[in-house]
Amino acid sequence: MSKTRLFNIRITEEKHAAFKKYAEQNNVTMANLLSSYIDSLLAGDAPVGVKGGQEKTERQEWKDPLAGIRDQYIPGEDF
């Protein structure tokens, strides 16, 4: 068996409750539902269900707004 990875997703409380109810009604775990769906996606058997505007975008590099002044002060003297 290969190593597994754990990941978290954020969904609304309402979606979580409805998803949990669906899993219970179908006598499966929420994890099994997601894992099976991922397997289907990777096998090309399931459509990609991305809502408009939720596509992954390129991560923007964080820019420190104080970078230009950080070296102006001497710890212990100026503060």
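Please refer to the structure higher up on the page.
Criteria and thresholds
Residues numbered from 1 in each chain as written. Predicted model: local features only at pLDDT ≥ 70, side-chain atom pairs only at ≥ 80, totals over all residues. Heavy atoms only, no water. Helix = DSSP H or I, 4+ residues; strand = E, 2+ residues; numbered from the N terminus. Areas by Shrake-Rupley, 256 points an atom, 1.4 Å probe, with all protein chains shown as cover. Contact = heavy atoms within 4.5 Å. Axes fitted to C-alpha atoms, helices over the stretch in contact; angles between N-to-C directions. Parallel < 35°, antiparallel > 145°, perpendicular 65-115°, else oblique. Expected span 1.5 Å × (residues − 1). Patch = residues over 30% accessible without salt bridge, like charges linked within 9 Å, V, L, I, M, F, W, Y side chains within 5 Å. Salt bridge = Lys/Arg side-chain N within 4 Å of Asp/Glu carboxyl O. Buried < 20%, exposed > 50% of the residue type's maximum accessible area, 1.4 Å probe, protein only.

Concerning the overall build of the chain
Alright, step 1. For the chain, the count of helices and strands is 2 helices and 0 strands.
Alright, step 2. Summed over its atoms, the accessible surface of the chain is roughly 8,300 Å², and 53% of this surface lies on carbon and sulfur atoms.

What about the environment of Leu 41?
Alright, step 1. Relative to the elements of secondary structure, Leu 41 occurs in helix H2 (residues 30-43).
Alright, step 2. Other than its neighbours up to four places away in sequence, Leu 41 contacts Ala 46, Pro 47 and Val 48.

Considerations on the packing of helix H1 (residues 13-25) against H2
Alright, step 1. Orientation of H1 relative to H2, taken along the N-to-C sense of each, is 90 degrees, at an axis distance of 9 Å. The orientation of H1 relative to H2 falls into the category roughly perpendicular. Here His 16, Phe 19, Lys 20, Tyr 22 and Ala 23 of H1 lie close against H2, whose contacting residues are Met 30, Leu 33 and Leu 34.

Re H1
Alright, step 1. Look at H1: 18 Å from first C-alpha to last across 13 residues, which is about the 18 Å you get at 1.5 Å a residue.
Alright, step 2. Asn 27, located one to two residues past H1, shows a positive phi value of around 55 degrees.

Description of unusual backbone geometry
Alright, step 1. Not every positive phi belongs to a glycine, and Asn 27 is a case in point at roughly 55 degrees.
Alright, step 2. When you line up the elements, Asn 27 lands in the loop between H1 and H2.

A look at a nonpolar patch on the surface
Alright, step 1. Where nonpolar side chains cluster on the molecular surface, the patch consists of Phe 7, Ile 9, Ile 11, Leu 34, Ile 38 and Leu 42 and spans about 590 Å² of accessible area.
Alright, step 2. Tracing the chain through its elements places Leu 42 in helix H2.
Alright, step 3. A relative accessible area of 71% places Leu 42 in the exposed class.

Section: H2
Alright, step 1. Look at H2: 20 Å from first C-alpha to last across 14 residues, which is about the 20 Å you get at 1.5 Å a residue.
Alright, step 2. After H2 finishes, the residue Gly 44 shows a positive phi value of roughly 80 degrees.

Remarks on the environment of Ser 40
Alright, step 1. Tracing the backbone through its elements, the reader meets Ser 40 in helix H2.
Alright, step 2. Setting aside chain neighbours within four positions, we find Ser 40 in contact with Asp 45 and Ala 46.

Taken by themselves, the reported measurements are silent on function.
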